[in-house]
Amino acid sequence: MPNPDASGHWGEFGGRFVPEALIAALDELEKAHTEALADPAFTAELDQLGREYGNLPSPLYFAERLSAEAGVEVWLKREDLNHTGAHKIRNVLGQALLTRRMGKNRIIAETGAGQHGVAAATAAAYFGMECTVYMGEEDTRRQALNVARMRLLGAEVVPVTTGSRTLKDAMNEALREWVASVDTTHYLIGSVGGPHPFPQLVRDYCRGIGDEARAQFLDRTGVLPDVVAACVGGGSNAMGIFTAFLDDEDVRLFGFEAGGDGYDTGRHAATITAGQIGVLHGARTFVLQDEDGQTIESHSISAGLDYPGVGPEHAHLAATGRAAYEPVDDAEAMAALEKLARTEGIICAIESAHGLAGALRLAKSLQPGSRVLVNLSGRGDKDMGNVVEYYGFADAPDESGDQ
Amino acid sequence: MRSAEAFAKTRAEGRAALVGYLPAGFPTLADSIKAVDIMIDHGADIIELGLPYSDPVMDGPAIQKAADRALAAGFRTRQVFEVTEAVAGRVPILVMTYWNLVERYGVDRFAGDFAAAGGAGLITPDLIPDEAGDWIAASDAHDLDRVFLVAPSSTEERIASTVAACRGFVYAQSVMGVTGARAATSAVAPELVRRTRAHTDLPIGVGLGVRSGDQAAEIGAYGDAVIVGSAIVNCYLDAEDIPSGHQKLAELTADLAAGVRR
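It should be emphasised that the depicted structure is a prediction, and the values quoted were computed from it without experimental measurement. (Residues numbered from 1 in each chain as written. Chains lettered and ligands numbered in written order. Predicted model: local features only at pLDDT ≥ 70, side-chain atom pairs only at ≥ 80, totals over all residues. Heavy atoms only, no water.)

A.B. asks: Let's hear about the overall build of chain B: which residues, and what values?
C.D. replies: Counting its secondary structure elements, chain B contains twelve helices and nine strands. Computed over its C-alpha atoms, the radius of gyration of chain B comes to 17 Å, within 12% of the 18 Å expected for a compact globule of 262 residues. A principal-axis box enclosing the C-alpha atoms of chain B has dimensions of 45 × 40 × 30 Å. The buried share of chain B, reckoned over its 262 residues, is 63%. With the model as given, the accessible surface of chain B reaches about 8,900 Å², and the carbon-plus-sulfur share is 51%. Placing the 23 positive and 34 negative side-chain charges of chain B at their respective mean positions leaves the two points 2 Å apart. (Helix = DSSP H or I, 4+ residues; strand = E, 2+ residues; numbered from the N terminus. Rg over C-alpha atoms; globule rule 2.2 N^0.38 Å. Buried < 20%, exposed > 50% of the residue type's maximum accessible area, 1.4 Å probe, protein only. Areas by Shrake-Rupley, 256 points an atom, 1.4 Å probe, with all protein chains shown as cover. Lys, Arg positive; Asp, Glu negative; His and termini not counted. Charge placed at Lys NZ, Arg CZ, Asp CG, Glu CD.)

Right, here's the structure in full:
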């Protein structure tokens, strides 16, 4: 397994840029995680939970009509069919099981659009744990439905009113709360970012995506895909699918970042493309920042990709050239979302549509018949508000009288 | 002036040092200079200038608000050197900063410019010695103090390795939590100071939560420095205007200075 060095670095990226007060907890977490993965009882319980509760493994689906249009074989890893609607269930079940193993009974989490918050609240409900979710005040208003879901699941949702009142500020607040409650509380982080061991730990719980997909692909086609593609915000779904293929040198890995209004407009969340190295939320990685190192707000139609940092392992894969990262703007992503809906009858998350859009763009430069595996990381139910707004589907009131 | 000079004086007087914290650029750039002068005039022995940052994960609401206000007014990193230069000479001036700002400016360049402005050293709340190779080299090259933090959760091993990397003094985070004035100071603080003292002869500053002369006296009984931040910031956040903030700050500093002299 391609792990970081003993102090949590992949090359120059990663590490621990956090207050000393958290170091003991991070050490404890690292030890507990390492021991848990080596404990057959833990992994067996996690596997069973994934199967019976999470609806795993997710299917590998050959998108025949989409492939015909794209000129390449498009294979979709159907993480949208998982319980709670995305790959995130893998991360929260793993971390919640680990939380119980560490003897803690409370989890805290940060969330942007609310997807990780809903997943964390779900795991907390399953395990009977207390759960507090920090969410930017701005986001609680835009995502009222997810706030309601979290509350129904028994979680406390705390609107964060500091800074830009978005995901990065929710993460700041979760870190602050964790310093004060670390004896009893696990910080169930939502992506492959943060201080060591979080990037490695979240990847380990998400890597089933790629492990399953690689075996499924070999089983169905007898070969490996030529290209593996995924969207990248913090990067958990992408690390989840990339990890199994890192040693397969002939498999090209592509991460597609949110290009927002267009990379050249400056209003985007394409952190790796922008290429500025910095320290944010406990790790050295690529960061959207100004000349002084103040974090710049990111922009994307996809709340799940709207984050000004990225997981340090992605930074390393980009720096070493093992994976390539490119921006996909809002318009391209929405076009891909619509195309998938109309050719395959699948409404995916806007996040996942970025990965698909990038893959379809790339397809034009590939040999016809190339095999492209796309991580369809989540379903689009949560995004219908954005879709309505974007396409104006709801503009004309229905006057037909049909119910 | 380096921290050691201030501690030589306070030790000779048989008391703890008073360390006052204020973000540079708050309440305004000019008034942050004035505020530092007020603190020094009323008995502060060491000054910590905060460098406003967009994502201050260790700070509570008061300091967050102050940093936001300074940034909204256009504060730039290089201005911390202006403030330092304006107030340096009478007491040691340290900068407390999140690490990305220094890394972005250039670690060695920051150290050089800060030393040239008369600065004493840096307090780095999100930089542990394990990650501080560049800063240790730069602080050696420019002869600056480097103050790392120890916490109630630190193991003996980590306390030992952290104090070994410190120069000037050691910052003991006295409560598990963010900065902010608290009615009662921490019961774990004396224990942390005791554990830290077993590993070093450096002075130990105790921070987080102090807001009164009584608390300063209580902490001064076992700590070598009493660090006050949020209560100082609150002088301005709670004031009707900046002049009355200055007035409150003068009164608070005098109360705290009397506290460490009890």
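Picking up where we left off.
A.B. asks: Would you mind going over unusual backbone geometry in detail, with residue names and values included?
C.D. replies: All names here are of chain A. The linkage connecting Leu56 with the following residue, Pro57, adopts the cis geometry, with an omega of -5°. Looking at the element boundaries, Pro57 is found in the loop between helix H2 (40-52) and strand S3 (60-62). Backbone torsion omega between His196 and Pro197 reads 15°, so that peptide bond is classified as cis. Within the secondary structure, Pro197 sits in the loop between strand S8 (185-187) and helix H9 (198-206).

A.B. asks: Now, about the UniProt feature "domain: Tryptophan synthase beta chain-like PALP" (unreviewed entry) in chain A: what can you tell me, with residues and values included?
C.D. replies: UniProt records the feature "domain: Tryptophan synthase beta chain-like PALP" (unreviewed entry) at residues 55-378 of chain A, using the numbering of this structure. With 42% helix and 20% strand, residues 55-378 of chain A has end C-alpha atoms that lie 13 Å from one another. (UniProt positions renumbered as here; feature names shortened; annotations may be inferred.)

A.B. asks: I'd like a rundown of the packing of aromatic side chains, residues and numbers included.
C.D. replies: All names here are of chain B. Going through the model one piece at a time under the given rule, you end up with 19 aromatic pairs over all chains. A ring pair is formed by Phe7 and Phe169, whose centres lie 5.5 Å apart and whose planes are at 55°; its orientation type is tilted. In this pair, Phe7 sits in helix H1 (residues 3-12) while Phe169 sits in the loop between helix H8 (156-165) and strand S7 (170-173), placing the two residues 162 residues apart along the sequence. Here the two residues Phe7 and Phe169 agree in accessibility, since each one is buried. With a centroid separation of 6.3 Å and an interplanar angle of 40°, the aromatic rings of Phe110 and Phe114 are classed as tilted. Of this pair, Phe110 and Phe114 are both found in helix H6 (residues 107-116), four residues apart, which corresponds to roughly one turn of the helix. For the pair Phe110 and Phe114, one class covers both residues: buried. Put simply, the rings of Phe81, Tyr105, Phe110 and Phe114 touch in pairs and so form one group of aromatic residues. (Phe/Tyr/Trp six-rings, centres within 6.5 Å; stacked < 30°, edge-to-face > 60°.)

A.B. asks: If you had to explain the pattern of salt bridges to someone new, which residues and values would you point to?
C.D. replies: Throughout the structure, instances matching the rule amount to 49 salt bridges over all chains. We note a salt bridge from Arg158 of chain B to Glu20 of chain A, for which the minimum N-O separation is 3.0 Å. Of this pair, Arg158 of chain B sits in helix H8 while Glu20 of chain A sits in the loop between strand S2 (13-14) and helix H1 (23-37), which puts the two residues in different chains. Of the residues examined, Glu20 of chain A reaches a relative accessible area of 3% and is grouped as buried. The salt bridge involving Asp143 of chain B is made with Arg2 of chain B; its shortest N-O contact spans 2.7 Å. Of the two residues, Asp143 of chain B sits in the loop between helix H7 (133-141) and strand S5 (145-147) while Arg2 of chain B sits in the segment before H1, which places them 141 residues apart along the sequence. Overall, Asp143 of chain B belongs to the partly exposed group, its relative accessible area being 48%. When its relative accessible area of 21% is taken as the criterion, Arg2 of chain B is described as partly exposed. Counted as one network, the salt bridges with shared partners bring together Lys77, Glu79, Arg90 and Glu212 of chain A. (Salt bridge = Lys/Arg side-chain N within 4 Å of Asp/Glu carboxyl O.)

A.B. asks: Tell me about the interface of chain A and chain B, and please be specific about residues and values.
C.D. replies: Chain A puts 36 residues into the contact, and the matching count from chain B is 35 residues. Contact between chain A and chain B buries roughly 2,900 Å² in total, counting both sides, with carbon and sulfur atoms accounting for 44%. Considering only the side of chain A, the residues that lose the most area to chain B are Glu20, Arg176 and Asp292 of chain A, jointly responsible for 26% of the buried surface there. The tally of links between chain A and chain B comes to five salt bridges. It is helix H8 (residues 167-181) of chain A that contributes the most residues to the side of chain A that touches chain B, eight residues altogether. Across the side of chain A that touches chain B, the residue classes break down as 13 nonpolar, 13 polar and ten charged. (Contact = heavy atoms within 4.5 Å. Buried area = accessible area lost by both parts, 1.4 Å probe. Nonpolar A, V, L, I, M, F, W, Y, C, P; charged D, E, K, R; others polar.)

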